[in-house]
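If you want the building blocks of each chain, they are given just below.
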Amino acid sequence: MITFMNRVYDMSISIKDIASLAGVSTATVSRVINSTGNVSPKTKARVEAVIARYGYVPNLVAKGLRTNLMPTVGIMVPDILNEPYGLFVRTAQQLLLKHGIISTICNTNDNPEITQEYVNILKSQNVSGIIYVPDSNSENIQFGNLPVVYIEHWPSHSLSPNSVVVCSDDINGGYIATKELLEKGCRNIAIYMDSSGISSFKNRYLGYCKALKEYGLKPKAGNTILVNPIHSTDVIRKTNKIIQNGFPFDGVFCTANRITIGAMCALTIAGLIQSNSKYNKVKLVGYEDIRISSYGYFLVTTVAVQTENIASTAVEELINLLKGNPPTKQEHTLPVHLIRRATT
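All of these numbers come straight from a predicted model, not from anything done at the bench.

Analysis parameters
Residues numbered from 1 in each chain as written. Predicted model: local features only at pLDDT ≥ 70, side-chain atom pairs only at ≥ 80, totals over all residues. Heavy atoms only, no water. Helix = DSSP H or I, 4+ residues; strand = E, 2+ residues; numbered from the N terminus. Buried < 20%, exposed > 50% of the residue type's maximum accessible area, 1.4 Å probe, protein only. Contact = heavy atoms within 4.5 Å. Areas by Shrake-Rupley, 256 points an atom, 1.4 Å probe, with all protein chains shown as cover. Expected span 1.5 Å × (residues − 1). Polar contact = N/O pair within 3.5 Å; in protein donor to acceptor, adjacent residues only side chain to side chain. Axes fitted to C-alpha atoms, helices over the stretch in contact; angles between N-to-C directions. Parallel < 35°, antiparallel > 145°, perpendicular 65-115°, else oblique. Nonpolar A, V, L, I, M, F, W, Y, C, P; charged D, E, K, R; others polar. Phe/Tyr/Trp six-rings, centres within 6.5 Å; stacked < 30°, edge-to-face > 60°. Lys NZ or Arg CZ within 6 Å of the ring centre and 35° of its normal. Pairing = 2+ DSSP bridges. Right-handed = clockwise from strand over helix to strand, strands pointing away.

To continue, consider the overall build of the chain. Helix and strand counts for the chain come out as 12 helices and 14 strands. Expressed as lengths along the three principal axes of its C-alpha atoms, the size of the chain is roughly 80 × 40 × 35 Å. Looking at the chain residue by residue over its 344 residues, the buried ones come to 47%. Partitioning the intrachain contacts of the chain with sequence separation of at least 6 by distance along the chain shows that 68% fall at a separation of at least 24. Surface accessibility of the chain: about 17,200 Å² in total, with carbon and sulfur atoms responsible for 53%.

This part takes up helix 5 (residues 83–98). Spanning 16 residues, helix 5 covers 23 Å between terminal C-alpha atoms, matching the ideal 22 Å at 1.5 Å per step. Residues of helix 5 that are buried in the fold lie against strand 3 (72–77), strand 4 (102–107), strand 5 (129–132), strand 6 (148–151), helix 10 (257–269) and helix 12 (307–322). Positive backbone phi, at 75 degrees, marks Gly100, one or two positions downstream of helix 5.

Turning our eyes to something else, we now look at the side chain of Thr255. With respect to the element layout, Thr255 can be found in the loop between strand 10 (251–254) and helix 10. A polar atom in the side chain of Thr255 sits 2.5 Å from the backbone oxygen of Tyr192. If we skip the residues at most four places from it in the chain, Thr255 touches Ile191, Tyr192, Met193, Asp194, Phe201, Arg204 and Tyr287.

This part covers the side chain of Thr108. With respect to the helices and strands, Thr108 occurs in the loop between strand 4 and helix 6 (112–124). The exposure class assigned to Thr108 is buried, which follows from its relative accessible area of 0%. Those residues in contact with Thr108 that lie beyond four places of it in its chain are Met76, Val77, Pro78, Ile114, Thr115, Tyr118 and Asp135.

On to the packing of helix 1 (residues 15–22) against helix 2 (residues 26–34), then. Where helix 1 meets helix 2, the axes come as close as 8 Å, and the angle between the chain directions of the two elements is 105 degrees. Taken together, helix 1 and helix 2 sit at an angle that is classed as roughly perpendicular. In contact with Ile15, Lys16, Ile18 and Ala19 of helix 1, helix 2 contributes Thr26, Val29, Ser30 and Ile33. Tallied by class, residues from the contact of helix 1 with helix 2 come to 5 nonpolar, 2 polar and 1 charged.

The final tally for this structure, using the stated rule, is 6 aromatic pairs. For the ring pair Phe253 and Tyr287, a centre distance of 6.2 Å and an interplane angle of 45 degrees mean the geometry is tilted. With Phe253 in strand 10 and Tyr287 in strand 11 (residues 283–287), this pair connects stretches of sequence that are 34 residues apart. Among the residues examined, Phe253 registers a relative accessible area of 0% and is labelled buried. Look at Tyr287 and you get buried, because its relative accessible area is 1%. Every member of this aromatic cluster is reached through a ring pair, and the members are Tyr132, Phe143 and Tyr150. The ring of Phe201 is capped by Arg204, whose NZ or CZ atom sits 5.0 Å from the centre of that ring. The side chain of Lys210 reaches across the aromatic face of Tyr175, ending 4.8 Å from its centre.

In terms of burial, strand 3 is largely enclosed, as 5 of its 6 residues are buried. Bridging between strand 3 and strand 4 involves 6 bridges; their strand directions are parallel. Bridge assignment links Gly74 to a residue of strand 4, and that residue is Thr104. Once you follow strand 3 into helix 5 and on to strand 4, the crossover reads as right-handed. Two elements, strand 3 and strand 5, share 4 bridges in a ladder whose sense is parallel. By the bridge assignment for strand 5, Ile75 is matched with Ile131.

This part is about unusual backbone geometry. Non-glycine residue Asn109 carries a positive phi angle of around 60 degrees. Take Asn109: it is sitting in the loop between strand 4 and helix 6. Despite not being glycine, Asp110 shows a phi value in the positive range, around 55 degrees. For Asp110, the location among the structural elements is in the loop between strand 4 and helix 6.

Right, here's the structure in full:
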């Protein structure tokens, strides 16, 4: 026996023992465990009671050998230290574990060579599928026939039949962020963009343009500031350079959380944004609503995304693909919403 989280698990008890104790067949126990087939509520409750009483844990390795489907998946993210990615990985990992699936976490460092190396390793370990947050330059990553759920970014190639995209409504995200600035009187709005031009940032830019058009404005080439979203220091450096030349913008839309951090650092040091919002010379809207936005010294207006719901949808779709079913939908777009705070 082993104890985990104050529960005792009898590792010696088998599915045959559970069936005998519940007075049912092993096939019925299997259907209850795997949520397949028809089992009456009364029988299901009796089997689940025995499972709970004895702390039965299915032998996943044996199951994998029987079904040729090892219950392990890879979760690949560009940077595990990026708060939304960390929350996504934690949520997905916990949900997969509830389904008896072990996850292998791969931090790709936004490097396509490292990404492909991880994919090759995961394939050699016979993983069942992959949940993947694409890197900036991921168009040549080869997954073979593995089921893949792409998160937040569309791949540059067409989706295979066993692939799904789960993303936020970034066009609307860009739109509501820019509209907030316009409604607060801003007319010369800078947009800080990922220099790689991946799909989510392109969509946020489309939303930015849509809001400007509604106010009779056009995007200006000089208002698009291309930065590396992985490193806030790049944002600080470029913002400081603009400040030195006389910061011409009355509004700033930051399209990622680390961009927000970098821009806020530079603008507050320069005195353009202050803790008392009525003295702000520049208004700012961020993206992804990381924790510092809500309880830092400066409370940042931001577009919030549903990171945990994205993870839940991704896990549901991957499990569906692992069962050999077609995707319920090849694209899931989850809504976003604005949280208004001091910077507007």
